[in-house]
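Chain residues, written in single-letter form:
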Amino acid sequence: MPIRNMPPNHSGYGDPAFEFAVYIGNTPGVYEHPRHSDLQPMKPGDIASIVQQTGNHWRKIFNLYAKLMHQLEPGFEGEWQQYREGRLLQRGSKQALLFSQPLLGKSSKAIHLITGKSYAEHLGLLARCDAVNEHFYLNRTAKLIVSPYFDYRQLSNRKLETLVEIIRSIR
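Cut-off values and rules
- Residues numbered from 1 in each chain as written.
- Predicted model: local features only at pLDDT ≥ 70, side-chain atom pairs only at ≥ 80, totals over all residues.
- Heavy atoms only, no water.
- Axes fitted to C-alpha atoms, helices over the stretch in contact; angles between N-to-C directions.
- Helix = DSSP H or I, 4+ residues; strand = E, 2+ residues; numbered from the N terminus.
- Parallel < 35°, antiparallel > 145°, perpendicular 65-115°, else oblique.
- Contact = heavy atoms within 4.5 Å.
- Nonpolar A, V, L, I, M, F, W, Y, C, P; charged D, E, K, R; others polar.
- Buried < 20%, exposed > 50% of the residue type's maximum accessible area, 1.4 Å probe, protein only.
- Pairing = 2+ DSSP bridges.
- Polar contact = N/O pair within 3.5 Å; in protein donor to acceptor, adjacent residues only side chain to side chain.
- Arc of directions from axis to C-beta.

Chemist: Which residues make up the packing of helix α1 (residues 46–54) against helix α2 (residues 56–72), and what values go with them?
Modeler: One way to put it is that α1 packs onto α2 with a least axis distance of 7 Å and a crossing angle of 150 degrees. Of the possible angle classes, the one that applies to α1 and α2 is roughly antiparallel. Residues Ile47, Ile50, Val51 and Thr54 of α1 form the contact with α2, whose participating residues are Asn56, Trp58, Arg59 and Phe62. For the contact of α1 with α2, a count of residues per class yields five nonpolar, two polar and one charged.

In structure tokens, the structure reads:
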């Protein structure tokens, strides 16, 4: 059941008490995807259902998100695939995948990760960040990171390691 008491324009999947949010400029083309100001926690099987309905593109996004969080949560026993199916974006995970613009503010303790330089430019957020290198941008005060899009060609394993280091540096 969607959570409807989120701030306006928060739409996506994940824990209503998120402390880490990934923002993406597109939505999966599935009937059940959250609308308007809904933040819908995932349940076991939801990711597999979305991937079955939408194909390889969303599989890559969920896989890279799971690999990232698996590295950031070393106490999880099991492989990243088990993390994806058993924890990613579920209630209590403190994670979100949002299809809305970030609500940045000094009161927010959440880390905000924008997927894709073009999307960050579109949102007017890239100019608020400093370049870490040619692939990553960071605003430490806002805990805002711009990373390559969640696709294996753009966010390779080496770049994923760099992203993990950046996140750890602002936690």
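Chemist: Can you tell me about the pairing of strand β2 (residues 20–23), naming the residues and giving the values?
Modeler: Burial along β2 is two-sided: Phe20 and Val22 and Ala21 and Tyr23, pointing in opposite directions, are all buried. Sheet topology note: the β2/strand β4 (residues 95–98) ladder contains four bridges and is parallel. Residue pairing in the sheet places Phe20 in a bridge with Gln95 of β4. Pairing analysis gives four bridges linking β2 to strand β5 (residues 111–115), with the strands arranged parallel. Bridge pairing links Val22 to Leu113 in β5.

Chemist: Describe the environment of His112, naming the residues involved and giving the relevant values.
Modeler: Examined against the element boundaries, His112 turns out to sit in strand β5. With a relative accessible area of 2%, His112 lands in the buried category. It is 9.7 Å that separates the C-alpha atoms of His112 and Ile167, two residues lying 55 residues apart in sequence. If we skip the residues at most four places from it in the chain, His112 touches Ala21, Tyr23, Pro102, Leu103, Leu104, Ala142, Lys143, Leu144 and Ile145. A distance of 2.8 Å separates the side chain of His112 from the side chain of Tyr23, its partner in a polar contact.

Chemist: Can you explain the sheet that holds strand β7 (residues 137–139)? Please cite residues and give values.
Modeler: Paired through backbone hydrogen bonds, the strands of a sheet run either parallel or antiparallel to each other. Spatial strand order, β3-β1-β4-β2-β5-β8-β7-β6: eight strands in an open sheet with mixed pairing. Both outer strands of the open sheet, β3 (39–40) and β6 (130–131), are each paired with one neighbouring strand and no more. Looking at chain direction, β6 and β7 are connected through two bridges and run antiparallel. Looking across to β7, one finds that Ala131 is bridged to Tyr137. Along the sheet, α2 contacts β2, β4 and β5; its crossing angle with β4, the most-contacted strand, is approximately 150 degrees. The strands touched by helix α5 (residues 157–170) are β2, β5, β7 and β8 (144–147); relative to β8, the strand with the most contacts, the crossing angle is about 175 degrees.

Chemist: Hey, could you go over the side chain of Thr115 for me, with residue numbers and the actual values?
Modeler: Looking at where Thr115 falls in the secondary structure, it is placed in strand β5. Polar contacts involving the side chain of Thr115 include one to the main-chain carbonyl oxygen of Tyr23, which spans 2.9 Å. The residues contacting Thr115, other than those within four sequence positions of it, are Val22, Tyr23, Ile24, Ser147, Pro148, Tyr149 and Phe150.

Chemist: Give a detailed account of α1, specifying residues and quantitative values.
Modeler: Residues of α1 that are buried: Asp46, Ile47, Ile50 and Val51. All buried residues of α1 fall inside an arc of 135 degrees around its axis, so they share one side. Of the surrounding secondary structure, the elements contacted by the buried residues of α1 are β1 (12–14), α2 and α3 (80–86). Two residues or fewer after α1 comes Gly55, characterised by a positive phi angle close to 100 degrees.

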